[in-house]
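Summary of structural features
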Amino acid sequence: MSETKTGGADLIASLAANRVAIEGVSPEIDGGRFPAKVVAGEPVLIEADIFGDGHDTIDAVLLFRPAGTDAGWTEQPMEFFENDRWQTRVTFPENRMYEFTFLAWRDLFGQWRKEIAKKHAAGLNIDLELEEGRLQLDGARKSERATQADIGKLSELLNAFDALQGAPERLALLSSDVVFDLMKRAAGRINLSRTKTFPIFADRKTAAFSAWYELFPRSQSGDIHRHGTFDDVIKRLPYVRDLGFDVLYFTPIHPIGKTNRKGRNNSLTAGPDEPGSPYAIGSADGGHDALHPELGTFEDFERLVGAARDHGLEIAIDFAIQCSPDHPWIKQHPEWFDWRPDGSIKFAENPPKKYEDIVNVHFYREALPSIWHTLRDIVLFWAEKGVKIFRVDNPHTKPFPFWEWMIGEVRAKHPDAIFLAEAFTRPKLMKRLAKVGFNQSYSYFTWRNVKWEIEEYLTELTTEECRWYMRPNFFANTPDINPRYLQTSGRPGFQTRLVLAATLGGNYGIYNGFEISEAQAVPGKEEYLNSEKYEIRTWDMDQPDNIQWDIRFVNHLRRENPALQDFTNLKFYQCWNDNILYYGKKTEDLSSFLLFHVCLDPHNEQGADFEVPLWEFGLPDDGSVEVEDMVTRHRFTWHGKYQHIHLNPHAKPYAVWRLIAPESKS
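This one's a predicted model, so the numbers in the text were calculated from it and none came from an experiment. (Residues numbered from 1 in each chain as written. Predicted model: local features only at pLDDT ≥ 70, side-chain atom pairs only at ≥ 80, totals over all residues. Heavy atoms only, no water.)

Summarizing the sequence annotation, UniProt attributes the feature "active site" (unreviewed entry) to Asp393 and Glu422 in the numbering used throughout. Across 30 residues of sequence, these annotated residues stay compact in space, with a maximum C-alpha separation of 5.3 Å. Among the annotated residues just listed, those that line the largest pocket are Asp393 and Glu422. Along the chain, Asp393 turns up in strand 16 (residues 389-393). Beyond its immediate sequence surroundings of up to four residues, Asp393 is in contact with Tyr279, Asp318, Phe319, Ala320, Gln322, Lys398 and Glu422. A polar side-chain atom of Asp393 sits 2.8 Å from a polar atom in the side chain of Arg391. Within the secondary structure layout, Glu422 lies in strand 17 (residues 418-422). (UniProt positions renumbered as here; feature names shortened; annotations may be inferred. 1 Å grid on protein atoms, 1.4 Å probe; cavity = no way out; pocket = protein on both sides within 12 Å on 5 of 7 lines; lining within 4 Å. Helix = DSSP H or I, 4+ residues; strand = E, 2+ residues; numbered from the N terminus. Contact = heavy atoms within 4.5 Å. Polar contact = N/O pair within 3.5 Å; in protein donor to acceptor, adjacent residues only side chain to side chain.)

Attention now goes to empty space enclosed by the protein. All chains considered together, the criterion is met by two cavities of 30 Å³ or more. In this structure, the largest cavity spans a volume of roughly 80 Å³. Class assignment for the residues of the lining of the largest cavity results in seven nonpolar, four polar and one charged. When its volume is computed, the second largest cavity comes out at roughly 40 Å³. Counting residues per element, the lining of the second largest cavity draws most heavily on helix 16 (residues 548-560), at three residues. (Points joined across faces, edges and corners; volume = space filled by probe spheres on them. Nonpolar A, V, L, I, M, F, W, Y, C, P; charged D, E, K, R; others polar.)

Another point: the layout of surface pockets. In this approach the atoms are scanned with a rolling probe the size of a water molecule, which exposes any empty space left behind. For the largest pocket, the calculated volume is near 1,600 Å³. Lining the largest pocket we find 46 residues, and of these Asn350, Lys353, Tyr355, Asn394 and Asp480 sit closest to its centre. Per element, the largest residue contribution to the lining of the largest pocket is five residues, and it comes from strand 15 (residues 353-359). A breakdown of the residues in the lining of the largest pocket according to their chemical character gives 20 nonpolar, 11 polar and 15 charged.

The full count for this structure, using the stated rule, is 43 salt bridges. Among the ionic pairs, Arg633 bridges to Glu628, the shortest N-O distance being 2.9 Å. Arg633 gets classed as partly exposed once you look at its relative accessible area, which sits at 48%. The class of Glu628 is buried, set by a relative accessible area of 6%. Through salt bridges that share partners, Asp318, Arg391, Asp393 and Glu422 make up one connected network. (Salt bridge = Lys/Arg side-chain N within 4 Å of Asp/Glu carboxyl O. Buried < 20%, exposed > 50% of the residue type's maximum accessible area, 1.4 Å probe, protein only.)

Here the focus is helix 5 (residues 167-174). Residues that lie three or four places apart on an α-helix share one face, since the helix turns once every 3.6 residues. Taken together, the buried positions of helix 5 are occupied by Arg170, Leu171, Leu173 and Leu174. Mapping the buried residues of helix 5 onto a view down its axis gives an arc of 160 degrees, with all of them on the same face. Packing partners of the buried residues in helix 5 comprise helix 2 (108-121), helix 3 (127-141), helix 4 (148-163) and helix 6 (177-186). (Arc of directions from axis to C-beta.)

Spatial strand order, 1-3-7-6: four strands in an open sheet with antiparallel pairing. Edge positions in the sheet fall to strand 1 (21-26) and strand 6 (79-82), since each has one partner strand and no second. On average, each strand axis in the sheet is inclined to that of its neighbour by 35 degrees, with strand direction left out of account. Strand direction decides the pairing type here: strand 1 and strand 3 (residues 43-51), joined by four bridges, are antiparallel. (Pairing = 2+ DSSP bridges. Axes fitted to C-alpha atoms, helices over the stretch in contact; angles between N-to-C directions.)

A few words on the packing of aromatic side chains. For the structure shown, the criterion picks out 48 aromatic pairs. A centroid spacing of 5.4 Å and a plane angle of 65 degrees characterise the contact between Phe230 and Phe301, whose relative ring orientation is edge-to-face. Residue Phe230 is located in helix 8 (residues 230-243), and its partner Phe301 is located in helix 9 (residues 298-310); the two are separated by 71 residues in the primary sequence. Residue Phe230 shares its accessibility class with Phe301, and that shared class is buried. In this structure an aromatic cluster arises from ring pairing among Phe319, Phe363, Tyr364, Trp372, Phe390, Phe402, Trp403, Trp405, Phe419 and Phe438. It is Arg411 that lies over the ring of Phe201; its NZ or CZ is 3.9 Å from the centre. The ring centre of Phe400 lies 6.0 Å from the NZ or CZ of Arg432, which sits over that ring. (Phe/Tyr/Trp six-rings, centres within 6.5 Å; stacked < 30°, edge-to-face > 60°. Lys NZ or Arg CZ within 6 Å of the ring centre and 35° of its normal.)

With that settled, the discussion passes to the sheet that holds strand 20 (residues 507-511). Here we have eight strands laid out as an open sheet, ordered 18-17-16-13-12-11-20-19, and parallel in their pairing. If you trace the sheet from one side to the other, it starts and ends with strand 18 (440-441) and strand 19 (473-475), each paired once. Looking at chain direction, strand 17 and strand 18 are connected through two bridges and run parallel. In the strand pairing of strand 18, Ala421 is matched with Ser441.

So, about the packing of helix 4 against helix 5. The contact between helix 4 and helix 5 brings their axes to 9 Å, and the two run at 165 degrees. Taken together, helix 4 and helix 5 sit at an angle that is classed as roughly antiparallel. Helix 5 is crossed by helix 4, and the crossing has right-handed handedness. Residues Leu157, Ala160, Phe161 and Asp162 of helix 4 form the contact with helix 5, whose own contacting residues are Arg170, Leu173 and Leu174. Looking at the contact of helix 4 with helix 5 residue by residue, the class counts come to five nonpolar, no polar and two charged. (Parallel < 35°, antiparallel > 145°, perpendicular 65-115°, else oblique. Left-handed = near helix turned anticlockwise from the far one by under 90°.)

Under the local residue numbering, the UniProt record ascribes the feature "site: Transition state stabilizer" (unreviewed entry) to Asp480. A residue is classified by how much of its surface remains accessible, and Asp480, at 29% relative accessible area, is partly exposed.

This part is about helix 6. All buried positions along helix 6 are accounted for by Val179, Leu182, Met183 and Ala186. Seen along its axis, helix 6 keeps its buried residues to an arc of 95 degrees; they face one direction. Contact partners of the buried residues in helix 6: helix 2, helix 3, helix 4 and helix 5.

A word on the pairing of strand 16. Counted residue by residue, strand 16 has five buried out of five residues, so it is predominantly covered. Burial of strand 16 is two-sided: the residues Ile389, Arg391 and Asp393 facing one way and the residues Phe390 and Val392 facing the other way are all buried. The pairing of strand 13 (residues 314-319) with strand 16 spans four bridges and is classified as parallel. Bridge pairing in strand 16 places Asp318 opposite Arg391. In the sheet, strand 16 pairs with strand 17 via five bridges, with the strands oriented parallel. Residue Val392 lies in a different strand from strand 17, and its bridge partner there is Ala421. In the classification by handedness, the crossover that spans strand 16, the intervening helix 12 (residues 400-413) and the parallel strand 17 is right-handed. (Right-handed = clockwise from strand over helix to strand, strands pointing away.)

What follows deals with the environment of Pro562. Mapped onto the secondary structure, Pro562 falls in the loop between helix 16 and strand 21 (571-572). When residues no more than four places from it in sequence are discounted, the contact partners of Pro562 are Thr587 and Ser592.

The next thing to look at is the state of the cysteines. Following the criterion strictly, the structure yields zero disulfides and no others. Not part of a disulfide, Cys575 finds its nearest cysteine sulfur in Cys599, a span of 10 Å. Residue classification places Cys575 among the buried positions, given a relative accessible area of 2%. (Disulfide = S-S within 2.5 Å.)

This is the structure:
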């Protein structure tokens, strides 16, 4: 046989081996280039379009196993859903990377069972078909899939078949559910087709569901003339815990450079006692693996991490790669930095903004691979200190390949590490960062204020492909962002944005001062006047009109209601007023079902008719459902589909309702 003919035969054999089509896999990110993200221990729906030529009966299973191991595959049956769509729910048990694939085949016994039933019902002679069924059982005895127990049962069935004389009796025997299940287990899989493997990462729960509180450790002394310490932060832990947060996030805690140190309100000239920006990392006291001396020692930090853990809090720190001009790396590794023609170092800038107090490293040329290794080791260093959550400053200005490699390296040792991408940039860039490994992402939520744009943006995040890899963290404010909405809204606006952030998102956060409606701005800018980035502040969080009650309320609501622990189950409902956002979240079994009305107008009272989603319970438009007002804990009944809501933002700009399923009175 010629080489050409041999090649042709091999190609035909290869194509013929995959007779069943398997396509439309979900989740599948860029053809399997990147892993989808799920939560360990929680079921996830995996789907694919699976079909064959003609009208043959098809069967399929999902196989999954821990990635990078020789572990055997776990097999899980798939079920036909509709229109050649098959699905199954899988629970990945551990916090690690997995891989999955699909098997599909022509189910000859299943096809035989359907066809003979039709022929018998039509009164046709089925003696020959019965013999074909018998041969299939006999063939299954010789299948590699059949266990000794299966072979024994098949032999018993064949003997029983031979002992029967009538076609109806023989048909009843072979078409029974017992025989069907046995053949499903033991029979060979004909025209077995298989897909490539797809990666999927099972995160720990905190990656998908967390509430962050951000503060500057140096401002926790209660005295603007005394630099705060880690012990001062320990004293603040009960406050943060009682508000209901589970992640306490610090801005950088490293030594701060003196060269070009920024003064109050980002002044280019700092006084001798001004602390400078903590983002100007590095001095004679050390760099990214050192602590600012005035905060305390590593022993103090270890005590803080332990105390936070005792309070049910995890510490998150800033991973900001930029350096002060005084950073030790500049002398140790000048090849990591950019230098101007006159021999001076190039400062960071984002025209027209300039950052005279910091310089950036670069990641290629002579810096590759040493800077990559060093930055990875910095993260591993802090992980060994008990920090597993990192908010990464401006990751979109660093190479994608670096993040993919570095996060993979860290994850290999610490699969529970969580990285939050602080990237307010172009949409595709933000999504790429999520694909390469970031567990959480900042988003445009901060600038989505009116009803149509909130609905449009959240629909994108919860229904499009990005729902499988991008987990937004809805920070309502940050030290860098004083949103214009909050600058003019007063207390009602802070309540509104709190409820939206905490109940629309699985992850959300606030920067301290939010609870007292802090919003004094640099005129014309989304920046805080007297920004804590450039000076030590003191805070009185108990001043009148604080919104601590609202914060405790929403955080308790999140913990106690499973419906709020899923991001993608969000659904907007009809409410006839563009100043009132109306949405709900529910579990599949309807045991947890919450509705929210939020007034987007912080100045004026608003009212509207709205639809009660009776159809979610299978109830008619004139049906009734029991309701609990989660703010007052008062119970009552809504009769009929149409109801009315009235919200006064100066009293309470939101309403939260728990719908109680008709069969449940809990």
